[in-house]
Amino acid sequence: MLDNLLRGTICIEDIEMGMSRALRKVVTDQDIEMFAQISTDHNPVHLDDDYARDTIFEGRIAHGMLTAGLISAVIGEQLPGHGTVYLGQSLRFLAPVRPGDLVHAEVTVTDIDPARRRVRMDCLCSVDGKKVLVGEATVLAPSRKFD
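Given the structure is predicted, the values throughout are model-derived calculations rather than measurements.

Colleague: Give me the environment of histidine 82: which residues, what numbers.
Modeller: Mapped onto the elements of the fold, histidine 82 is located in the loop between helix H4 (64-77) and strand S2 (85-93). With 31 residues separating them in the primary sequence, histidine 82 and aspartate 113 have C-alpha atoms 19 Å apart. Aside from chain neighbours lying at most four places away, what touches histidine 82 is Arg7, Gly8, Thr9, Gly76, Glu77 and Pro142.

If you want it as structure tokens, here you go:
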């Protein structure tokens, strides 16, 4: 990871509207190969240069869910961070991520329900300033009352 933000937890009591956290990561061939092994998704558009060259992408692309996993990393490590539980996620894939791309993944708080410990966040991944993924996540944030 190329971000420099602290890891840990931001409890529901300290989360504010508009709060944002991000990370950057270069997606490597090894990342794509490991994701294929873990997910069992061996679609040749991700793994085979010759096959992928003849697709609409004109080359290999990373798995969409690998890119989405960077959103999960921001949520699980930074905002809210450790102890967060995913409740839901919507995603729209707008453009492919290719091996070697530097992905910027960011989440921004758009709604807080302190009584239920729910936080809703806009999610965005971009490459060179171009949006490749957008979505929304709803999570159960940790609380100092329960830790």
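Colleague: So, helix H1 (residues 29-39): which residues are in play, and what are the values?
Modeller: Looking at H1, one finds that the buried residues are Asp31, Ile32 and Ala36. With its buried residues spanning 135° around the axis, H1 presents them on a single face. Residues of H1 that are exposed and point over 90 degrees away from its buried face: Gln30, Gln37 and Ile38. Check the buried side of H1 and you find it contacts strand S1 (20-26), helix H2 (44-47) and H4. Just downstream of H1, threonine 40 is the residue with a positive phi angle, here 65°.

Colleague: Go over the pairing of strand S4 (residues 118-127), please, and point to the residues and values.
Modeller: As paired elements, strand S3 (residues 102-113) and S4 share 10 bridges and run antiparallel to each other. Looking at the pairing, aspartate 113 lines up with arginine 118 of S4. Counting the residues that bridge the hairpin from S3 to S4 gives 4 residues, and of these arginine 117 lies at a positive phi of roughly 60°. In this structure, S4 lies alongside strand S5 (residues 130-140), joined through 10 bridges in antiparallel fashion. Residue pairing for S5: leucine 124 is matched across the bridge by valine 134. From the end of S4 to the start of S5, which pair antiparallel, there are 2 residues, and aspartate 128 there has a positive phi angle of about 55°.

Colleague: Lay out the layout of surface pockets in plain terms, naming residues and giving numbers.
Modeller: Picture a little ball the size of a water molecule; that probe, rolled over the atoms, points out where space is still empty. The space that makes up the largest pocket amounts to roughly 160 Å³. Taken together, 10 residues make up the lining of the largest pocket; nearest its centre are Lys25, Asp31, Phe35, Leu66 and Leu70. Elements with a minimum of two residues in the lining of the largest pocket: H1 and H4. Grouping the constituent residues of the lining of the largest pocket by class yields 7 nonpolar, 1 polar and 2 charged.

Colleague: Mind laying out the nonpolar core, listing which residues take part and the relevant values?
Modeller: One finds Ile15, Ile71, Leu79, Val107, Val119 and Met121 to be the most contacted residues of the largest nonpolar core, which totals 31 residues. Looking at this core, the elements that each hand over two or more residues are H4, S3, S4 and S5. Considering every element that reaches this core, the biggest residue donor is H4, with 6 residues. Valine 107 has contacts with Met19, Ser20, Arg21, Ile71, Val74, Ile75, Leu79, Met121, Asp122 and Cys123, leaving out every residue within four places of it along the chain.

Colleague: Got a sec to walk through the side chain of histidine 63? Specific residues and values, please.
Modeller: Structurally, histidine 63 can be placed in the loop between helix H3 (49-53) and H4. In this view, histidine 63 contacts Ile32, Phe35, Ala36, Asp41 and His46; residues no more than four positions away in its chain are not counted.

Colleague: Explain the sheet that holds S1 residue by residue, including any values.
Modeller: Strand order in the open sheet formed by 5 strands is S1-S3-S4-S5-S2, and the pairing between neighbours is antiparallel. The sheet is open, and its two edges are formed by S1 and S2, each paired on a single side. On average, each strand axis in the sheet is inclined to that of its neighbour by 20°, with strand direction left out of account. Sheet topology places S2 next to S5; 8 bridges connect them, and they run antiparallel. Residue pairing for S5: valine 85 is matched across the bridge by leucine 140. The strands touched by H4 within the sheet are S1, S2, S3, S4 and S5, with S3 carrying the most contacts at an inclination of about 50°.

Conventions we followed
Residues numbered from 1 in each chain as written. Predicted model: local features only at pLDDT ≥ 70, side-chain atom pairs only at ≥ 80, totals over all residues. Heavy atoms only, no water. Helix = DSSP H or I, 4+ residues; strand = E, 2+ residues; numbered from the N terminus. Contact = heavy atoms within 4.5 Å. Buried < 20%, exposed > 50% of the residue type's maximum accessible area, 1.4 Å probe, protein only. Arc of directions from axis to C-beta. Pairing = 2+ DSSP bridges. 1 Å grid on protein atoms, 1.4 Å probe; cavity = no way out; pocket = protein on both sides within 12 Å on 5 of 7 lines; lining within 4 Å. Points joined across faces, edges and corners; volume = space filled by probe spheres on them. Nonpolar A, V, L, I, M, F, W, Y, C, P; charged D, E, K, R; others polar. Core = buried A, V, L, I, M, F, W, Y, C linked by side-chain atoms within 4.5 Å. Axes fitted to C-alpha atoms, helices over the stretch in contact; angles between N-to-C directions.

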